[in-house]
Structure formats: C-alpha cells, structure tokens
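Structure assessment
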Amino acid sequence: MSKAEFDKLLNQSTSSGNLEPDWASIMTLCDLLKRRDKNMVSAKGAVALIKQKILDKNETVSLYGLLVLEACMKNCGSRIHQEVCERHFLNDLRDLSRGGCSRPIKEKIIELIGSWNHALQSDSRYRIVQETYNAMKGEGIHFPPVTESEAFLDADTAPDWVPDTEVSSCHMCRAPFGLSTRKHHCRNCGQVFCARCSGKKAAIPQYGFEEDVRVCDMCFKKLTLRAVGGAVSHEAGGDSELPREYLTSSLFRESQGPPQRNEEEEKKQQEEEELQMALALSLSEEEAAKSKQKQVCYVQCILLSQADVEMQFFNECMLLFVWPVVPFPCE
C-alpha cells in the first residue's frame, strides 16, 4: 500500500463531512496496514499521518482520527503498538487532553490511555503507557472502567497477515490462485484462502471486530464453538438456580435437547411424510370426483323430472282435445 493510497483511506475515514464513523474505510485501512508489502507505508509513517489528523483544528477530524488510532491499535499488531507507545506520542495526547480541546476529544483520549494501560500492563516493553496513566491519575484524571472489548481481551491482537507475494495456493484446499481465483485473508488466523474456503463471516471481539468479518471455514467453526460455550457459561453463571453439583456434572455438559437422529432415520421419516402426503392428495381427489358425480346425477334427475312433467301435460291435452267429425264424401 503506497502513501497515496493510505492518505486517501485516511481522508475518507476522518472527513469532516461524515455524519457517523466510516467503519468500512477504517477497517479497510487496518486490513491494508497488516500487509507487509515493499510498497506499503511503514508503521512509523502511518502513525505520523494519523497523528496529524488527531491534532487537526477541526473537532470532527480530530475525533475520527482517534477512532482510526483505536482501530489500528486493536487490529494491526505490535508494529503499531511500538510506534504509538512512544513517550513523545503519548505526551502529545496528554498535552492535547490538558489543552483547550473539546470534552468528547478529552474523554476519548482518557478512554484510550486507560484501555491501553489495562491491556499492555503485563508487557515490559510498554511501561511508558503505565507511567503516563499514573501521571494523569495523579493529576486527578478519572479513568472510566475498561470493558472487555475496549481492552481487546488482555492484549490479544490479530495475527499479521501472510504476504500475498509468498502464497500461490489456498491454505486449505490448495487451489492455485490466478485471474479467476482471488486471494482472501482470514481476519482470525491471517492465512490466505480462496473465496470458497473463506466465504463465512463472524465477529471476533478479542481482536476488536464487533461486526462480522471474513474468516476461513476452520476459524468459523472455532469461533462458533467459542461463542456457544460462552453463552452456556453465562447461562450457568451465578444467576442460575440449578444446584452446583448438577452444573459441574457430566450430565449438564450433555446436550439437553431432543435426541439427534441419524441419516437413515431422517430418510425413513421423510419417506413416511411423503407417503402420508400422497395418500392425503389421493383422498382429496377421490372426494372431488364423487362430489362431481353427485352434481351430474342431480342435474340428470332434474332434467328427467322436467321431461315427465311435459309428457303428462301432453297426455292431458290429448284427452281434452275434441277431434272434428268430417263426413266422408258420397259417391
């Protein structure tokens, strides 16, 4: 990614004309930053350009610049961490929060430094973050409680993407890449896959992806199982009224739903349902035919009755009719 491309995405992400954050441009920028191509802008250069947006006099541009910085810290790995967690950069953020910036910008800076301190406090390389945090706290700054997604789960960061130039086939099916088979990176493992092996999407909260993003089939299964396990753990938490012995037993870990049927039983059940459907259709057709036959018989009866009445009337008229006596002519 060249500097011109990075500038274009950064301008789109921090435009003062945006009524809301342009997350599509922000995530595209993060995705491109992960690629270690020769023509890509360096992490140092990217952070310097983002810093210019943060120090912009326009409040909207500055606030969107902080959002871009937050996304890069969550998704772009240690290369961005090392550039942001420099003394001069953190001092610039601290000075901006103490200066005449607006309240939303000040609150966002405090939130970011608090979350970075929580996430990186166990890494000795980033002690300057803890020093800045303690210094601001000594000045009477109140840091809000850090949520799990803000701290990206104990400094979990998305893995670096495998460079496109080093891959010639799909990591899963080994299909060769070409004009008709494009390369796609999994946001969870960083490997390169074809579209067929990476067509699913899932949220990855530990890497800052709250919305669904592209993942490979293997990672999709892992993330789905993790989400289901988390939901079960939450359901079985302190608010559960079930006995503790039951929650820790093997019976609770078993499926509580209806027993699963194998393919043969499902096929047999489907055949029975189709047979029942055919019988129902046959009966309905037979009833319709009988109903139609009854209607025809009824019409015939009406026609015969009318014919009988007409014949009786004719006979009565014949009896009442007086035939004239015509004498035979004499010879």
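Throughout, a residue's number is its position along its own chain's written sequence, starting from 1. Where totals are concerned, whole chains, interfaces and linings use all residues; where local detail is concerned, this predicted model gives features only for residues with pLDDT of at least 70, and gives and counts side-chain atom pairs only at 80 or more. Side-chain metrics rest on all non-hydrogen atoms present in the structure, leaving aside hydrogens and water.

Moving on, we get to helix α6 (residues 87-98). Here α6 spans 16 Å end to end across 12 residues, near enough to the 16 Å set by a 1.5 Å rise per residue. Under the scheme applied here, a residue whose accessible area is under 20% of the maximum for its type counts as buried, over 50% as exposed, and between as partly exposed, the area being computed with a 1.4 Å probe on protein chains only. Counting from the N terminus, the helices are the DSSP runs of H or I reaching at least four residues and the strands are the DSSP runs of E reaching at least two. Looking at α6, one finds that the buried residues are F89, L90, L93, R94, L96 and S97. Axial view of α6: buried residues confined to an arc of 160 degrees, hence all on one face. Any pair of residues with heavy atoms lying within 4.5 Å of one another is described as a contacting pair. The secondary structure elements touched by the buried residues of α6 are α3 (43-54), α4 (59-75), α5 (78-84), α7 (103-120) and α8 (127-138). Here the expected length of a helix is defined as 1.5 Å per residue gap, with one fewer gap than residues. Directions pointing from the helix axis toward each C-beta atom define the arc.

Moving on to the state of the cysteines. In plain terms, two cysteine sulfur atoms within 2.5 Å form what is called a disulfide here. One pass over the structure, following the stated rule, counts 0 disulfides. You can see C197 has no disulfide; the closest cysteine sulfur is in C194, sitting 3.6 Å from it.

To continue, consider the packing of aromatic side chains. Under the pairing criterion, centres of Phe, Tyr and Trp rings, with the six-membered ring standing for Trp, must be within 6.5 Å; the plane angle then separates stacked pairs below 30 degrees from edge-to-face pairs above 60, leaving the rest tilted. A full pass over the atoms with the stated rule returns 1 aromatic pair. Judged by centre distance (4.4 Å) and plane angle (40 degrees), the rings of Y133 and F143 are tilted. One end of the pair, Y133, is in helix α8; the other, F143, is in the loop between α8 and α9 (152-155), with 10 residues separating them in the sequence. There is no split in this pair, since Y133 and F143 are both buried. By definition, being over a ring means that NZ of Lys or CZ of Arg is both within 6 Å of the ring centre and within 35 degrees of the ring normal. Over the ring of F220 we find K200, and its NZ or CZ is 5.8 Å from the ring centre.

Looking now at the confidence of the model for the chain. The pLDDT value tells you how sure the predictor is about a given residue, anywhere from 0 up to 100. This prediction gives the chain a mean pLDDT of 77; 68% of its residues lie at or above 70. The model gives residues 244-248 a pLDDT under 50, and that stretch makes 8 contacts with residues more than four places away or in other chains. Contacts from residues 250-259, a stretch scored under 50 in pLDDT, to residues over four places away or in other chains number 9 contacts.

Turning to the pattern of salt bridges, a few remarks are in order. The term salt bridge refers to a side-chain nitrogen of Lys or Arg lying within 4 Å of a carboxyl oxygen of Asp or Glu. Enumeration over the complete set of coordinates arrives at 12 salt bridges. Linking D95 and R98 is a salt bridge whose minimum nitrogen-to-oxygen distance equals 2.7 Å. Pair noted here: D95 and R98 are both in helix α6, with a separation of 3 residues, about one helical turn. On the basis of relative accessible area, R98 is assigned to the partly exposed category, the value being 49%. Here K200 ties to D217 by a salt bridge, and the two come within 3.5 Å at their closest N and O atoms. With K200 in strand β3 (residues 200-204) and D217 in helix α10 (residues 217-235), this residue pair connects regions lying 17 residues apart in the sequence. Take K200: its relative accessible area is 36%, and that puts it in the partly exposed class.

A separate point is the packing of α3 against α4. Each axis is a line fitted through C-alpha atoms, and for a helix only the stretch in contact is used; angles between axes span 0 to 180 degrees, taken between their N-to-C directions. Two numbers describe how α3 lies on α4: the axes approach to 7 Å, and their chain directions differ by 150 degrees. Looking at the two axes, α3 sits roughly antiparallel to α4. The residues of α4 that touch α3, namely those facing I50, K53 and I54, are V61, S62, G65, L66, V68, L69 and C72. Throughout this entry, Asp, Glu, Lys and Arg are counted as charged residues, while Ala, Val, Leu, Ile, Met, Phe, Trp, Tyr, Cys and Pro are counted as nonpolar. The remaining residues, Gly among them, count as polar. Considered class by class, the residues forming the contact of α3 with α4 number 7 nonpolar, 2 polar and 1 charged. By definition in this entry, angles of less than 35 degrees are roughly parallel, angles greater than 145 are roughly antiparallel, angles of 65 to 115 are roughly perpendicular, and the rest are oblique.

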